[in-house]
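# Tertiary structure, described
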Amino acid sequence: FYYYLKILKEEDWKNSLWLSTCCFLLLTGGYPAFTITVFYLMLITFFIKAGTQIRTKKWNALKRFIVRNSVFAIAFLIQSAVFLKFFLESLSHLVRTESLSIQDVQLLPFSPASFLSFILPFSTGGNASFFETDISMSNGYFGLIAFLFLIVFLFKKPTLKIIGLLGGGLFFLLVAIGDSFFLR
């Protein structure tokens, strides 16, 4: 994200090469869900920035922005060519690439009752049937100090960046609820 934000703000094409290297490392050594999420967020950011430049009729800035993104995409594909080739060749041999049923995907979500664990972390260990999920999926505790900062944040005037981060976190939390919410 650091180098993609630099691509948004700076005209230096070297940031595109650094971004391609970081994305290559994420692709080859990271968890696949993170890789997919990062690319979706970068794509959404690309369309927002391009749309803003089209709306304000900054055609030269749009052209340079597209060139920087194209340098990134080409460099990433060149760096990842060997990995992508062997991944595509081995896909037929992998059992994990078969799709899961919706029942399997929604099995043991972070249930709405598990929201209690944000304040009381040890509550999830007592009555597993109350939480309607596996004990490993019922605890979302992230710390009392962080929770206090979240409460303080609600009384401050937030910046656009903070709203975006909070909105993204809330989105992923709602997805984790499973079949209790429509996003899943």
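Rules used in this analysis
- Residues numbered from 1 in each chain as written.
- Predicted model: local features only at pLDDT ≥ 70, side-chain atom pairs only at ≥ 80, totals over all residues.
- Heavy atoms only, no water.
- Helix = DSSP H or I, 4+ residues; strand = E, 2+ residues; numbered from the N terminus.
- Buried < 20%, exposed > 50% of the residue type's maximum accessible area, 1.4 Å probe, protein only.
- Phe/Tyr/Trp six-rings, centres within 6.5 Å; stacked < 30°, edge-to-face > 60°.
- Lys NZ or Arg CZ within 6 Å of the ring centre and 35° of its normal.
- Expected span 1.5 Å × (residues − 1).
- Contact = heavy atoms within 4.5 Å.
- 1 Å grid on protein atoms, 1.4 Å probe; cavity = no way out; pocket = protein on both sides within 12 Å on 5 of 7 lines; lining within 4 Å.
- Points joined across faces, edges and corners; volume = space filled by probe spheres on them.
- Nonpolar A, V, L, I, M, F, W, Y, C, P; charged D, E, K, R; others polar.
- Axes fitted to C-alpha atoms, helices over the stretch in contact; angles between N-to-C directions.
- Parallel < 35°, antiparallel > 145°, perpendicular 65-115°, else oblique.
- Left-handed = near helix turned anticlockwise from the far one by under 90°.

Turning our attention to unusual backbone geometry. For Lys-57, which is not a glycine, the phi torsion comes out positive at approximately 60°. By the element assignment, Lys-57 lies in the loop between helix H3 (32–55) and helix H4 (59–90). Judged by relative accessible area, Lys-57 falls into the exposed class, the value being 59%.

One pass over the structure, following the stated rule, counts 14 aromatic pairs. Ring centres of Phe-46 and Phe-65 lie 5.3 Å apart, and the angle between their planes is 20°; this geometry places the pair in the stacked category. One end of the pair, Phe-46, is in helix H3; the other, Phe-65, is in helix H4, and 19 residues separate them in sequence. Across the pair, exposure class does not vary: Phe-46 and Phe-65 are buried alike. Where Phe-171 meets Phe-172, the ring centres are 5.3 Å apart and the plane angle is 70°; that geometry is what we call edge-to-face. For Phe-171, a relative accessible area of 40% puts it in the partly exposed group. Taken together, the ring pairs connect Phe-110, Phe-115, Phe-118, Phe-142 and Phe-147 into an aromatic cluster. Positioned over the ring face of Phe-86 is Lys-85, at 4.9 Å from the centre of the ring.

On to H3, then. Compared with the 34 Å implied by 1.5 Å per residue over 24 residues, the 35 Å span of H3 between its first and last C-alpha is a close match. Within H3 the residues assigned to the buried category are Thr-35, Val-38, Met-42, Phe-46, Ala-50 and Gln-53. Those residues of H3 that are buried are in contact with helix H1 (2–9), helix H2 (14–29) and H4.

A few words on the layout of surface pockets. Reported here for the largest pocket is a volume of approximately 1,900 Å³. Lining of the largest pocket is provided by 42 residues; of these, Phe-1, Thr-37, Tyr-40, Leu-41 and Phe-172 occupy positions nearest its centre. Counting residues per element, the ones that place at least two in the lining of the largest pocket are H1, H2, H3, H4 and helix H8 (160–176). Top contributing element to the lining of the largest pocket by residue count: H3, with 12 residues. Grouping the amino acids of the lining of the largest pocket by side-chain chemistry returns 25 nonpolar, 11 polar and 6 charged. Within this model, the second largest pocket holds a volume of roughly 460 Å³. Lining the second largest pocket are 14 residues, and of these Phe-142, Leu-150, Leu-166, Gly-169 and Leu-173 sit closest to its centre. Looking at the lining of the second largest pocket, the elements that each hand over two or more residues are helix H7 (144–154) and H8. Of the residues forming the lining of the second largest pocket, the biggest block, 6 residues, is contributed by H8. A class-by-class count of the residues in the lining of the second largest pocket yields 13 nonpolar, 1 polar and no charged.

With that out of the way, let us pick up the environment of Leu-120. Note on placement: Leu-120 falls in the loop between helix H5 (102–105) and helix H6 (128–131). C-alpha of Leu-120 to C-alpha of Leu-144: the two residues are 24 residues apart in sequence and 9.4 Å apart in space.

Two quantities define a packed helix pair, namely the angle between the axes and the distance from one axis to the other. Packing of H1 against H2 brings their axes to within 8 Å, and their N-to-C directions diverge by 155°. In terms of axis orientation, H1 runs roughly antiparallel to H2. Crossing geometry of H1 relative to H2 is assigned as left-handed. Every residue of H2 that contacts H1 at Tyr-3, Tyr-4, Lys-6 and Ile-7 is listed here: Asn-15, Ser-16, Trp-18, Leu-19 and Cys-22. Counted by class, the contact of H1 with H2 contains 6 nonpolar, 2 polar and 1 charged residues.

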